[in-house]
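# Structure assessment
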Amino acid sequence: MSPVLVLLVSFIFLLIIGVPIAFCLGISALLTAFNMGLTPLVIAQRIATGIQPFPLIAIPLFVLAGAIMSKGGVAKRIVDFAYVIVGPFRGGLAMVNCIQSMLFGGVSGSAIADISSTGPIMIPMMVKKGYDREFSTSITVASATQGIIIPPSHNMIIFAMSAGGVSIAKLFLAGYIPGIMVGLSLMIASYIIAVKRGYPREKRPPLGESLLIIKDGILSMLAAIIIVGGIAFGIFTATEASAIAVLYAAFLGIVVYREMSIRDLWPIILDSVKTISTVLFLIGSASAFGWIMTYLHVPAIVTNLFLGLTDNRVILLLLINILLVCLGMVMDVAPLIVIVTPVLLPVVQSLGLSATTFAIVLLLNLGIGLTTPPVGTGLFVGCSVGKTTMEKIAKSTIVLWPAMIIVLLLITFVPWFTTFLPSLIK
């Protein structure tokens, strides 16, 4: 059997029977190596090599920083900050959900961390005020996808490594405008839904209380400003920035807000290690899988396949977006980035898209995938937090997809949205 068929058939079969995605990637790569007569040590070496790049150290530290922020009261203060800004509008709590995801995504860098941290705050609050539980959960899940795009995003670091050393600073800067666009589009959709369903307005807190909330909110968001600003202006690297994020998060939680103690750090670290181990194993296995694909010239085959379908740039980019959304429905974000980047990057570059623009297009597609069945991780976490079922939340999320898809198309066909901020910094 052809090695390419062995790779793809074994991977799809293992995925269908429910084998964890990291093992699917590693086992299919190993079976293909046997089929080609390669020593199994090659796969082991590729797994080890995949997690060796020094910038990957930033991922565990950003994950740890997000966990400390969740425990230390940062999430609650960001929710309160958003409440002051947009609460008085029709459907204000839904907009608060979008704003807090925009802001919390800028300090945690994770959609799942956003849902887990702010979902238990926002969903019961919205239900109590008369919002449908399904809509409350779906807007929480959909808005959390901003955490993948708005820096500091550890998924951008994975893309930078997979693409062969794209500037992390440029990727971080490229994510701001698209991330804000996603948030604004979901706010507009929330307002329209709120008007149709008669969702309420909220009262803004008194002036003194509002000023105190704003002060605490700015302190929480300062982490994102320090991290991205420091990287963009060359003050420190992404790895150093992740360490600073951990220290700042601990300082806020222990010293400023006093919602955690030094003793709380150890269980937070243990929980973070579990998450980090899973992520790094995924990256390593996906690296071996990607190396096998490159060895078999799959990227060149895919490039020729796409370019042979049509010479219409618009149709090709639409097909690539459809492919990425479909892949995001059945696979997790990190392994897809490692697998897809070396395959599709040459295709989109031949169509005139930069690696920076493709990174945001890829991440937004995979973010939409988090909100779609059957394997949307965001949906599963949302169901757990919102105490609802996959069927109900999936139906409710459909009305929010058009807002996200419009932003995706704008970013795909108008590169200015992703290139403007990076062009300001040399």
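Structure: see above.
This one's a predicted model, so the numbers in the text were calculated from it and none came from an experiment. (Residues numbered from 1 in each chain as written. Predicted model: local features only at pLDDT ≥ 70, side-chain atom pairs only at ≥ 80, totals over all residues. Heavy atoms only, no water.)

### Some thoughts on the layout of surface pockets
Put simply, the test is: Site definitions follow a grid-based scheme: protein atoms alone, a 1 Å grid, a 1.4 Å probe that fits but cannot get out for cavities, and for pockets an open set with protein on both sides within 12 Å along at least five of seven lines, plus lining residues having an atom within 4 Å of a point. Grid points are joined across faces, edges and corners, and a volume is the space filled by probe spheres set on the points. Under the scheme used here, helices are H or I runs from DSSP no shorter than 4 residues and strands are E runs no shorter than 2 residues, and both carry numbers assigned from the N terminus. Polar here means any residue outside two lists: the nonpolar Ala, Val, Leu, Ile, Met, Phe, Trp, Tyr, Cys and Pro, and the charged Asp, Glu, Lys and Arg; Gly therefore counts as polar.
Estimated volume of the second largest pocket: approximately 470 Å³. Counting only elements with at least two residues in the lining of the second largest pocket, the list comes to helix H1 (3-16), helix H15 (265-295), helix H16 (298-309), helix H17 (313-330) and helix H18 (333-350). Here the lining of the second largest pocket is composed, by residue class, of 19 nonpolar, no polar and no charged.

### Some details on the packing of helix H2 (residues 21-36) against H15
Test applied: To get an axis, fit a line to the C-alpha atoms, keeping to the stretch in contact for a helix; angles then go from 0 to 180 degrees between the N-to-C directions. Note on convention: the crossing is left-handed when the near helix lies turned anticlockwise from the far helix by less than a right angle, right-handed when the turn is clockwise. By definition in these notes, contact holds between two residues if any of their heavy atoms fall within 4.5 Å.
Between H2 and H15, the shortest axis-to-axis distance is 8 Å and the interhelical angle comes to 35°. In this structure, the crossing between H2 and H15 has a hand that is left-handed. Note on element contacts: H15 touches H2 through Phe-281, Leu-282, Ser-285, Ala-286, Ala-288, Phe-289, Ile-292 and Tyr-295, opposite Ile-21, Ala-22, Phe-23, Leu-25, Gly-26, Ser-28, Ala-29, Thr-32 and Met-36. Considered class by class, the residues forming the contact of H2 with H15 number 13 nonpolar, four polar and no charged.

### Description of the nonpolar core
Put simply, the rule reads: Note on terminology: a nonpolar core comprises buried Ala, Val, Leu, Ile, Met, Phe, Trp, Tyr and Cys residues joined through side-chain atoms within 4.5 Å. Throughout this description, buried means an accessible area under 20% of the type-specific maximum (1.4 Å probe, protein chains only), exposed means over 50%, and partly exposed covers the range between.
Core analysis: the biggest nonpolar cluster contains 142 residues, and Phe-135, Leu-186 and Leu-344 have the highest contact counts within it. No other element matches H18, which puts 12 residues into this core. Not counting chain neighbours up to four residues away, the residues in contact with Leu-186 comprise Cys-98, Ile-139, Ala-142, Ser-143, Leu-400, Ala-403 and Met-404.

### Some remarks on helix H3 (residues 41-50)
Selection rule: Regarding the arc, it is the one traced by the directions from the helix axis to the C-beta atoms.
Among the residues of H3, those classed as buried are Val-42, Ile-43 and Gly-50. Taken down its axis, H3 places every buried residue within 100° of arc, on the same side. Seen from the buried face of H3, the exposed residues on the opposite side, beyond 90 degrees, are Leu-41 and Gln-45. Structurally, H3 contributes buried residues whose contacts are with H2 and H15.

### Observations concerning the pattern of salt bridges
Here is the rule: Put simply, a salt bridge is a Lys or Arg side-chain nitrogen that is within 4 Å of an Asp or Glu carboxyl oxygen.
Evaluation of the coordinates by the stated rule reveals four salt bridges. In this structure, Asp-132 engages Arg-197 in a salt bridge whose closest nitrogen and oxygen atoms are separated by 3.5 Å. Of this pair, Asp-132 sits in the loop between helix H7 (111-128) and helix H8 (133-144) while Arg-197 sits in helix H12 (residues 176-197), and the two are 65 residues apart along the sequence. According to the relative accessible area criterion, Arg-197 is partly exposed, its value standing at 40%. Each of Arg-77, Lys-215, Asp-216 and Glu-259 takes part in salt bridges that share partners, so that together they form one network.

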